[in-house]
Amino acid sequence: MSSENLPQTPEQQGRKPRVAVVFGGRSSEHAISVVTAGAVLRSIDRSKYEVLPIGITTDGRWALTADAPERMAIADRQLPSVEALAESPDGTVVLPVDPASREVVYTEPGAVPKALGEVDVVFPVLHGPYGEDGTLQGLLELSGIPYVGCGVLSSAVGQDKDYMKRVFASYGLNVGPYVTIRPREWEADQAAATAKVLDFAGEHGWPLFVKPARAGSSIGITKVDDASGLDAAIREARRHDPKVIVEALLRGREIECGVLEFEDGPRASAPAEIPPVSSHDFYDFEAKYIDSATGLVPAPLTPEQTAEVQKLAIDAFEAASCEGLVRADFFLTEDGTFVINEINTMPGFTPISMYPRMWQESGIEYPELVDRLIQAALRRSTGLR
């Protein structure tokens, strides 16, 4: 595409950059994405940016929503939704498919389409499939619209715990024992798939953690103490994803570390520790978001351990070809070894989320963190890079 066909910059047009905050989505993490969007919308500097909130409903419709962060929080244990925020029950936001134009259009049945103006950068705060997994990133690449966070490949790798672990192992990072049940395995022979997990348990012991391979926020995870609970746990995981991963228990401390891309490359935050939650069997969805279990920031580690986990977090960022931001989660085992559990390419930005808290401890307050991510996206082109 020749330079004369490229969209003009906001400065050339005499206006502020317009940021589309895209949230919600079709995954089981829909509500957490809405909560995250509320925090981001509340913190974007409106004197510096124009903001366009776009919600994706649970059935995949792109909706123009109210710019109302106060309506996006968890209240009285009730989860928010895009459907409740949408300006219309059937209006649709349409992104351009021509990289020479970033004009966003809003349509309603029986009405003339309405131009919403050009979008200069998308801040996608979707979690899970259909948003965090490279699908939205691919759409934005085709549209030629810069966006916050990881690209297509790293988003896909970061969403699929099976391939994520394969990538990390190939780069020499320690990963825990696991086994995967692929969709065709389960559909062809459930008994054989279950037997594979039982063989794994025979080698690594109980309990096991049965998880959807491509979900997050601890949704669909079951801690299984013996063979009697295995079948139900697999079926629960498959409610969220036909691909299931089963992990052995790693005894140790849960340590998290944030990575943020600066002008001179990625840097790691102060790490945090997720202490055991006495009211929950493990750090599940309710512990994270409903009962507001809090981590320790900074983690009580030695200076040597802090330096090591920060290096490993950056190593994981680089191994998966990440951009923008990542939260890397580790176990510090009883023998002093750090084992990487997973990365989150769009970690939670809720008021109680660990990623913003770790960067706050590192000297970057929430509004500055949001601004740095937007500025990094504006500097980066779409396409091969």
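Residues numbered from 1 in each chain as written. Predicted model: local features only at pLDDT ≥ 70, side-chain atom pairs only at ≥ 80, totals over all residues. Heavy atoms only, no water.

**Q** What am I meant to see in the pattern of salt bridges here?
**A** A pair can form between side chains of opposite charge whenever their charged atoms are brought close. Summed over all chains, the structure comprises 28 salt bridges. The salt bridge involving Glu50 is made with Arg18; its shortest N-O contact spans 2.7 Å. In this pair, Glu50 sits in strand β2 (residues 50-56) while Arg18 sits in strand β1 (residues 18-24), placing the two residues 32 residues apart along the sequence. Several salt bridges converge on common partners, so that one network encompasses Asp160, Asp162, Arg166, Arg182 and Lys243. (Salt bridge = Lys/Arg side-chain N within 4 Å of Asp/Glu carboxyl O. Helix = DSSP H or I, 4+ residues; strand = E, 2+ residues; numbered from the N terminus.)

**Q** Would you explain the nonpolar core in this entry?
**A** Inside soluble globular proteins, nonpolar side chains tend to come together where they are buried. Within the largest apolar cluster, 34 residues are counted, with the highest numbers of intra-cluster contacts made by Val21, Phe23, Val40, Ile44, Phe123, Phe349 and Ile374. The element contributing the most residues to this core is helix α13 (residues 366-379), with six residues. The residues touching Ile44, leaving out its near neighbours within four places in the chain, are Val19, Val21, Tyr49, Val51, Val370 and Ile374. Judged by nonpolar contacts, the second largest core, of 26 residues, contains Met164, Ala319, Phe330 and Leu332. (Core = buried A, V, L, I, M, F, W, Y, C linked by side-chain atoms within 4.5 Å. Buried < 20%, exposed > 50% of the residue type's maximum accessible area, 1.4 Å probe, protein only. Contact = heavy atoms within 4.5 Å.)

**Q** Please clarify how the pairing of strand β11 (residues 244-248) should be interpreted in this entry.
**A** For a regular strand, side-chain orientation follows a simple rule: the groups alternate between the two sheet faces. Summarising burial for β11: five of the five residues are buried, a large majority. A two-sided burial pattern is seen for β11, the buried positions comprising Val244, Val246 and Ala248 on one face and Ile245 and Glu247 on the other. As defined by bridge partners, strand β8 (residues 178-181) adjoins β11 across four bridges and the pair is classed as antiparallel. Across the sheet, residue Thr180 finds its bridge partner in β11, namely Ile245. Sheet topology note: the strand β9 (residues 208-212)/β11 ladder contains five bridges and is antiparallel. Paired with Lys211 across the strands is Ile245, a residue of β11. (Pairing = 2+ DSSP bridges.)

**Q** Sorry, what's going on with the environment of Thr107 here?
**A** Following the sequence through the fold, Thr107 ends up in strand β5 (residues 103-107). Its relative accessible area of 25% is what places Thr107 among the partly exposed residues. Through-space distance from the C-alpha of Thr107 to that of Glu308 is 52 Å; in sequence the pair is 201 residues apart.

**Q** I keep staring at the packing of aromatic side chains and nothing clicks. Help me out?
**A** The geometry of an aromatic ring pair comes down to the distance between the two centres and the angle between the two planes. Counted under the stated rule, the structure contains five aromatic pairs. Judged by centre distance (6.2 Å) and plane angle (80°), the ring pair of Phe330 and Phe338 falls under edge-to-face. Judged by relative accessible area, Phe330 falls into the buried class, the value being 2%. Taken together, the aromatic side chains of Phe123, Phe349, Tyr355 and Tyr366 make up a single cluster linked through ring pairs. The ring of Tyr178 is capped by Lys165, whose NZ or CZ atom sits 5.7 Å from the centre of that ring. The residue whose ring lies beneath Arg267 is Phe262, and the NZ or CZ to ring-centre distance is 4.0 Å. (Phe/Tyr/Trp six-rings, centres within 6.5 Å; stacked < 30°, edge-to-face > 60°. Lys NZ or Arg CZ within 6 Å of the ring centre and 35° of its normal.)

**Q** Where do I start with α13 in this structure?
**A** Note that an α-helix has 3.6 residues per turn; residues three or four places apart therefore point the same way. Over its 14 residues, α13 extends 20 Å from the first C-alpha to the last, a length consistent with the 20 Å expected when each residue adds 1.5 Å. Tucked into the core, α13 has its buried residues touching β1, α2 (30-43), β7 (121-124), β12 (252-262), β15 (325-333) and α12 (354-361). (Expected span 1.5 Å × (residues − 1).)

**Q** Looking at this model, I keep getting lost on the pairing of β15. Mind explaining?
**A** In terms of burial, β15 is largely enclosed, as nine of its nine residues are buried. Pairing of β12 with β15 involves nine bridges; the strand directions are antiparallel. Its bridge partner being in β15, Glu256 is matched across the sheet by Asp329. Where β15 and strand β16 (residues 338-344) come together, six bridges link them in antiparallel fashion. Counted as the bridge partner of Asp329 is Glu342 from β16.

**Q** Would you mind going over helix α11 (residues 303-319) with me for this structure?
**A** For α11, with 17 residues, the first-to-last C-alpha span of 24 Å sits near the 24 Å given by 1.5 Å per residue. Within α11 the residues assigned to the buried category are Thr306, Val309, Leu312, Ala313, Ala316, Phe317 and Ala319. One side of α11 carries all its buried residues, which in axial view fall inside an arc of 170°. In α11, the exposed positions angled more than 90 degrees off the buried face are occupied by Pro303, Glu304 and Lys311. Looking at the buried residues of α11, the elements they touch are α6 (161-170), β12, β13 (265-268), β15 and β16. Looking one or two residues past α11, Ser321 carries a phi angle of roughly 55°, positive in sign. (Arc of directions from axis to C-beta.)

**Q** Which parts of the structure should I look at to understand the packing of α2 against α13?
**A** Geometry of a packed helix pair, given as the angle between the helix axes and the separation of the axes. Where α2 meets α13, the axes come as close as 9 Å, and the angle between the chain directions of the two elements is 95°. If you check the angle between α2 and α13, you find them roughly perpendicular. Across the interface between the two elements, Thr36, Ala39, Val40 and Ser43 from α2 touch Tyr366, Pro367 and Val370 from α13. (Axes fitted to C-alpha atoms, helices over the stretch in contact; angles between N-to-C directions. Parallel < 35°, antiparallel > 145°, perpendicular 65-115°, else oblique.)

**Q** Could you clarify how one ought to interpret the side chain of Ser88 in this entry?
**A** As for its position among the elements, Ser88 is in the loop between α3 (82-85) and β4 (92-94). Discounting chain neighbours no more than four positions away, the residues touching Ser88 are Arg61, Tyr106 and Glu108.

**Q** Looking at this model, I keep getting lost on the sheet that holds β8. Mind explaining?
**A** Reading across from one edge, β8-β11-β9-β10 is the order of the four strands in this open sheet, with antiparallel pairing throughout. Of all the strands in the sheet, the pair left with one neighbour each is β8 and β10 (222-224). Taking the axes of each pair of neighbouring strands and ignoring which way they run, one obtains an average angle of 25° across the sheet. Against the sheet, helix α8 (residues 190-204) engages β8, β9 and β11, with an angle of about 175° to β8.

**Q** Got a minute to help me understand the confidence of the model for the protein chain in this structure?
**A** Low pLDDT means the predicted atomic positions in that stretch should not be read closely. Summary statistics for the protein chain give a mean pLDDT of 92 and a share of 92% for residues scoring 70 or more. The low-confidence segment residues 287-292 (pLDDT under 50) makes 24 contacts with residues lying over four places distant or belonging to another chain. (pLDDT = per-residue confidence, 0-100.)

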